[in-house]
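Chain residues, written in single-letter form:
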Amino acid sequence: MDVTPQADIQPLLNIMKKLRDPKTGCPWDLAQDFQSIVPFTLEEAYEVADAIERTAWDELPDELGDLLFQVVFYCQLATEQGRFDFATVIDRICTKLVRRHPHIFSNKDTSAVQTATQVKHSWEAIKAQERADKQQLSLLDDIPHAFPALKRAAKIQQRVAKVGFDWPELPPVVEKIYEEIDEVLVEAKLLDTDPERYQPRVLDEVGDLLFAVVNLARHLNVDPEQALRQANSKFERRFRGVEDCVLQSGKTFDAHSLEQLDFYWNQVKQQEKR
């Protein structure tokens, strides 16, 4: 099979079709269905994000290819079931993009739409109309439950804010976080007395706290998912530095006090600032 790189999507569609051939296809690919490949799709999306955040531009085409393959896989499954094909997906996204960019594709006078903010408002108005056309019972109906929890929290808050269910200023947002911390601590103090009773309450209150922190991030125009990924990377980088310090000391972790490990941690932080 000719798989010479080219702009045409057909070679990739042909490869996918061959992988799913009932007689000569790959056993692993043949065993998959829509549900089973969802985790791989999410993983590939995160790998794209990771490559971008690391500015690993040489890796990005490979990661984007892996993500595109996930789309092709779904389309092959749908084709086999007579639901839709890749051409349907392309047609749907093209139609949607044209519909949501009337300032670019419409013949009407849209000279008033000029700034990115105005375009975003127009986009959201069109999406709202689309939801109305679908006769959704709630503003929240089309927010996927499969989203990562932080992202879904932010999406819920963004959606309700559009109808005025939001604090217009930062102070009450911050006050809510302190309130939720207090409520977590109240339940945490009772945890030892009856873990079976109070652990679910602690879980509930910690959830409320995280939701409030996501709200703060949203008000500060920060993507909470991206912020936490960066925090994870920063912690990992600094802890690896602590591990180096422990190794250089000639002693094991167990032979160090928490104060000594904290000293190494602060050393690593200071070195990063130089």
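Look up a bit, the structure's there.
Conventions adopted
- Residues numbered from 1 in each chain as written.
- Predicted model: local features only at pLDDT ≥ 70, side-chain atom pairs only at ≥ 80, totals over all residues.
- Heavy atoms only, no water.
- Helix = DSSP H or I, 4+ residues; strand = E, 2+ residues; numbered from the N terminus.
- Buried < 20%, exposed > 50% of the residue type's maximum accessible area, 1.4 Å probe, protein only.
- Contact = heavy atoms within 4.5 Å.
- Axes fitted to C-alpha atoms, helices over the stretch in contact; angles between N-to-C directions.
- Parallel < 35°, antiparallel > 145°, perpendicular 65-115°, else oblique.
- Left-handed = near helix turned anticlockwise from the far one by under 90°.
- Nonpolar A, V, L, I, M, F, W, Y, C, P; charged D, E, K, R; others polar.
- Salt bridge = Lys/Arg side-chain N within 4 Å of Asp/Glu carboxyl O.
- Expected span 1.5 Å × (residues − 1).
- Lys, Arg positive; Asp, Glu negative; His and termini not counted.
- Patch = residues over 30% accessible without salt bridge, like charges linked within 9 Å, V, L, I, M, F, W, Y side chains within 5 Å.
- Areas by Shrake-Rupley, 256 points an atom, 1.4 Å probe, with all protein chains shown as cover.
- Core = buried A, V, L, I, M, F, W, Y, C linked by side-chain atoms within 4.5 Å.
- Phe/Tyr/Trp six-rings, centres within 6.5 Å; stacked < 30°, edge-to-face > 60°.
- Lys NZ or Arg CZ within 6 Å of the ring centre and 35° of its normal.

Caption draft 1: Broad picture of the overall build of the protein. A tally of regular secondary structure across the protein gives 12 helices and 0 strands. Written out in order from the N terminus, the α and β elements of the protein read α-α-α-α-α-α-α-α-α-α-α-α. For the protein, the residues scored as buried account for 25% of the 274 residues in total. Contacts in the protein between residues at least 24 apart in sequence constitute 51% of all its contacts with a sequence separation of at least 6.

Caption draft 2: Geometry of the packing of helix H1 (residues 10-19) against helix H4 (residues 60-80). Closest axis-to-axis distance for the H1/H4 pair is 10 Å, and the angle between their directions is 55°. As summarised for this structure, H1 and H4 are arranged oblique, according to the angle between their axes. The chirality of how H1 crosses H4 is right-handed. Contact residues: H1 offers Leu12, Leu13, Met16, Lys17 and Leu19, while H4 offers Leu68, Phe69, Val72, Phe73 and Gln76. Considering only residue class, the contact of H1 with H4 consists of 8 nonpolar, 1 polar and 1 charged.

Caption draft 3: Local environment of the packing of helix H3 (residues 34-53) against helix H11 (residues 224-249). The N-to-C vectors of H3 and H11 enclose an angle of 65°; their axes lie 12 Å apart at closest approach. Judged on the interaxial angle alone, H11 and H3 are roughly perpendicular. Between H3 and H11 lies a crossing of right-handed hand. Where H3 approaches H11, its residues Tyr46, Ala49 and Glu53 are matched on the opposing element by Glu225, Gln226 and Arg229.

Caption draft 4: Examining H1 more closely. For H1, the set of buried residues is Pro11, Leu13 and Met16. Elements that come into contact with the buried residues of H1 comprise helix H2 (27-30), H4 and helix H5 (86-100).

Caption draft 5: Representation of the pattern of salt bridges in the model. According to the stated counting rule, one finds 11 salt bridges in the structure shown. The partner of Glu179 in a salt bridge is Lys176, and the shortest N-O contact between them spans 3.1 Å. Linking Glu179 with Lys176, this pair stays in helix H9 (residues 170-189), spanning 3 residues, or about one helical turn. Several salt bridges share partner residues, and in doing so they unite Asp50, Arg54 and Glu59 into one network.

Caption draft 6: How the structure looks around H9. The terminal C-alpha atoms of H9 lie 30 Å apart, and with 20 residues this matches the ideal 28 Å at 1.5 Å per residue to within 8%. Elements in contact with the buried residues of H9: helix H10 (195-219).

Caption draft 7: Up close: the side chain of Glu225. Take Glu225: it is sitting in helix H11. At 4.8 Å, Arg229 is the nearest oppositely charged side chain to Glu225, a buried residue that forms no salt bridge. When sequence neighbours within four positions are dropped, the list of residues in contact with Glu225 reads Tyr46, Pro148, Leu150 and Lys151.

Caption draft 8: Spatial organisation of a nonpolar patch on the surface. Nonpolar side chains collect at one region of the surface, where Val38, Leu42 and Tyr46 lie side by side and expose about 230 Å² of accessible area between them. Relative to the assigned elements, Leu42 resides in helix H3. Judged by its relative accessible area of 39%, Leu42 is partly exposed.

Caption draft 9: Focus on the nonpolar core. With 9 residues, the main nonpolar core is built from Leu13, Met16, Ile37, Val72, Phe73, Tyr74, Cys75, Leu77 and Phe86. Among the secondary structure elements, those contributing two or more residues to this core are H1 and H4. Residue contributions to this core peak at 5 residues, all from H4. The residues touching Met16, leaving out its near neighbours within four places in the chain, are Asp29, Phe69, Val72, Phe73 and Gln76. One finds Val242, Cys245, Val246 and Leu261 within the second-largest nonpolar core, a separate group that totals 6 residues.

Caption draft 10: Representation of the side chain of Glu205. Inspection of the secondary structure puts Glu205 in helix H10. One buried charge, Glu205, has no salt-bridge partner; the nearest side chain with opposite charge is Arg201, at 7.9 Å. Setting aside chain neighbours within four positions, we find Glu205 in contact with Glu180, Glu183, Val184 and Glu187.

Caption draft 11: Summary view of the packing of aromatic side chains. Per the counting criterion, the structure on display carries 7 aromatic pairs. A ring pair is formed by Phe235 and Trp265, whose centres lie 5.1 Å apart and whose planes are at 45°; its orientation type is tilted. Remark: Trp265 occurs in helix H12 (residues 258-273) and Phe235 occurs in helix H11; sequence separation between them is 30 residues. Taken together, a centroid distance of 6.5 Å and an interplanar angle of 55° make the contact between Phe263 and Tyr264 tilted. With relative accessibility at 13%, the residue Tyr264 sits in the buried group. Put simply, the rings of Phe235, Phe239, Phe253 and Trp265 pair up and form one aromatic cluster. Above the plane of the ring of Phe147 lies Lys151, whose end atom (NZ or CZ) is 5.4 Å from the centre.

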